[in-house]
Amino acid sequence: MKLAHFDPADFLANHWQQRPLQIRNPWDDWQCPVDPDELAGLACEPEVESRLVVQPEPEIWALEQGPFDESRFADLEQCPWTLLVQAVDHHVPDVAALLSQFRFVPNWRIDDVMVSYASAGGGVGPHFDQYDVFLIQGRGRRRWRVGQHCDDNTPLRPHQDLRLLADFEEAAVYDLEPGDILYVPPGVAHDGVALDDDCMTLSIGFRAPSRAELVTGWSDHVLDQLGDDDRYADPGLVLQPNPGEITPEALDRLQAMVLAALGDRDQFARWFGASNSTRKYPEIDWQPEAPLTADDVRDALAAGIPVLRNPASRFAFVRQDAGVLLFVDGEMFECAGEGARLAETLSAADEVIVGETSDQGVELLLALVNMGSIAFAGDEDDA
Ligand code: SIN
Ligand code: CO
């Protein structure tokens, strides 16, 4: 299925990371993929990240962290509230299926699907996020106000738990009905208020590493490989008039030592692919009770059983020479030939009928099944 009146190439050129876009119900026959009871049930689970924002008075927002006791939802009637549940796609296959419409953005940029459920007047307050988001109206109606561009210097209200904007410069207002979508770029102020009870919003969230995260992560990794005897050396040191000077030549050599250690592109690709594919929530475990064997994999393939990707797993690859490096859940697989084609196929779709494959392909599938990153349909634990 494709989103109607939505052109991904045009969107990427003119809106992505630039300006908001309202997409009026582009679905064939929009059905909200999760219901409020199911969401409340997830918010009671200890391994699921959930929050409740309650508004006892206008302009006052109070945050409670989940997991919640069921009884908490019974006392909620009096004031506006919003329940927010993270990574619902990891638990509800119909929510995970929504992501296939947004794969015009690469896998490694996709984070997860957060779902909120609010009573009339409920919202999380005016704020900005560091990330791109598609806000899909699941049920009910929500009014989104979109405002100014914000950054680290934008003034915030004093609040213990929430990063709420001190000022909101309204630039546009969008009333979303079920199936409508609003794209909001990073740093753009927004404020969504439920227009009725039974207001559900699904947020397709993206991620982007900060420069600080990249520098710390990569340099820590490089540091682990450096020995104590890899050290500054200056054979042929020339006499200098003032012993107090650190000469430009010395500085060049010192800086070159740092840049050379950090500048290895191949190692960087390996480190980034592995670290970026680490799971955010490792809990959804599809690992088989007893490890499968290569023959089990061959039998499942011969029977035409589809391979499913664990929705909590992260798949991405990097091309290398004739093959690819496949990254799954923090692990790297060097794949060539048939194995490389299979790695590309698995990275492109969350359900694949593999059919016949080489021994290399079987080995790759076997490793991934036993890690719990894929399963043959029918064997997945949480789907
Ligand atoms: C919501 O769903 O109420 C909040 C989503 C957001 O503003 O990022
Ligand atoms: Co937001």
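My aim in this report is to walk through the structure given alongside it, one point at a time. (Residues numbered from 1 in each chain as written. Chains lettered and ligands numbered in written order. Predicted model: local features only at pLDDT ≥ 70, side-chain atom pairs only at ≥ 80, totals over all residues. Heavy atoms only, no water.)

1. Section: the packing of aromatic side chains
Here comes step 1: Counted under the stated rule, the structure contains 22 aromatic pairs.
Here comes step 2: Consider the rings of F102 and F134, whose centres lie 4.8 Å apart with planes at 45°: the pair is tilted. In this pair, F102 is assigned in the loop between α4 (93-98) and β5 (110-118) and F134 in strand β6 (residues 133-139), connecting sequence segments 32 residues apart.
Here comes step 3: For F102, a relative accessible area of 1% gives the class buried.
Here comes step 4: Taken together, a centroid distance of 5.2 Å and an interplanar angle of 45° make the contact between F134 and Y183 tilted. Highlighted residues: F134 in strand β6 and Y183 in strand β9 (residues 181-184), separated in sequence by 49 residues.
Here comes step 5: Overall, F134 belongs to the buried group, its relative accessible area being 0%.
Here comes step 6: Judged by relative accessible area, Y183 falls into the buried class, the value being 0%.
Here comes step 7: Clustering of aromatic rings is evident, with ring pairs tying together F6, F11, W16, F102, F104, F134, Y183 and F206.
Here comes step 8: R145 extends its terminal NZ or CZ atom over the ring of F168, reaching a point 4.2 Å from the ring centre.
Here comes step 9: Positioned over the ring face of F315 is R309, at 5.3 Å from the centre of the ring. (Phe/Tyr/Trp six-rings, centres within 6.5 Å; stacked < 30°, edge-to-face > 60°. Helix = DSSP H or I, 4+ residues; strand = E, 2+ residues; numbered from the N terminus. Buried < 20%, exposed > 50% of the residue type's maximum accessible area, 1.4 Å probe, protein only. Lys NZ or Arg CZ within 6 Å of the ring centre and 35° of its normal.)

2. Let's talk about the site of ligand 1
Here comes step 1: Taken together, M114, S116, H127, D129, L135, R142, W144, H190, T201 and S203 make up the full set of residues adjacent to ligand 1.
Here comes step 2: Contact between ligand 1 and D129: an oxygen atom at 3.3 Å from a side-chain N or O atom of the residue.
Here comes step 3: Between an oxygen atom of ligand 1 and a side-chain N or O atom of H190, the distance comes to 3.2 Å.
Here comes step 4: In isolation ligand 1 has 260 Å² of accessible area, and contact with the protein removes 95% of it.
Here comes step 5: Taking a 2 Å distance to the grid points as the criterion, the majority of the atoms of ligand 1 fall inside the largest pocket.
Here comes step 6: Broken down by secondary-structure element, the contributors of at least two residues to the shell around ligand 1 are β5, β7 (142-149) and β11 (199-206).
Here comes step 7: The residue makeup of the shell around ligand 1, split by class, is three nonpolar, five polar and two charged. (Near = heavy atom within 4 Å. Polar contact = N/O pair within 3.5 Å; in protein donor to acceptor, adjacent residues only side chain to side chain. Areas by Shrake-Rupley, 256 points an atom, 1.4 Å probe, with all protein chains shown as cover. 1 Å grid on protein atoms, 1.4 Å probe; cavity = no way out; pocket = protein on both sides within 12 Å on 5 of 7 lines; lining within 4 Å. Sits in = over half its atoms within 2 Å of the grid points. Nonpolar A, V, L, I, M, F, W, Y, C, P; charged D, E, K, R; others polar.)

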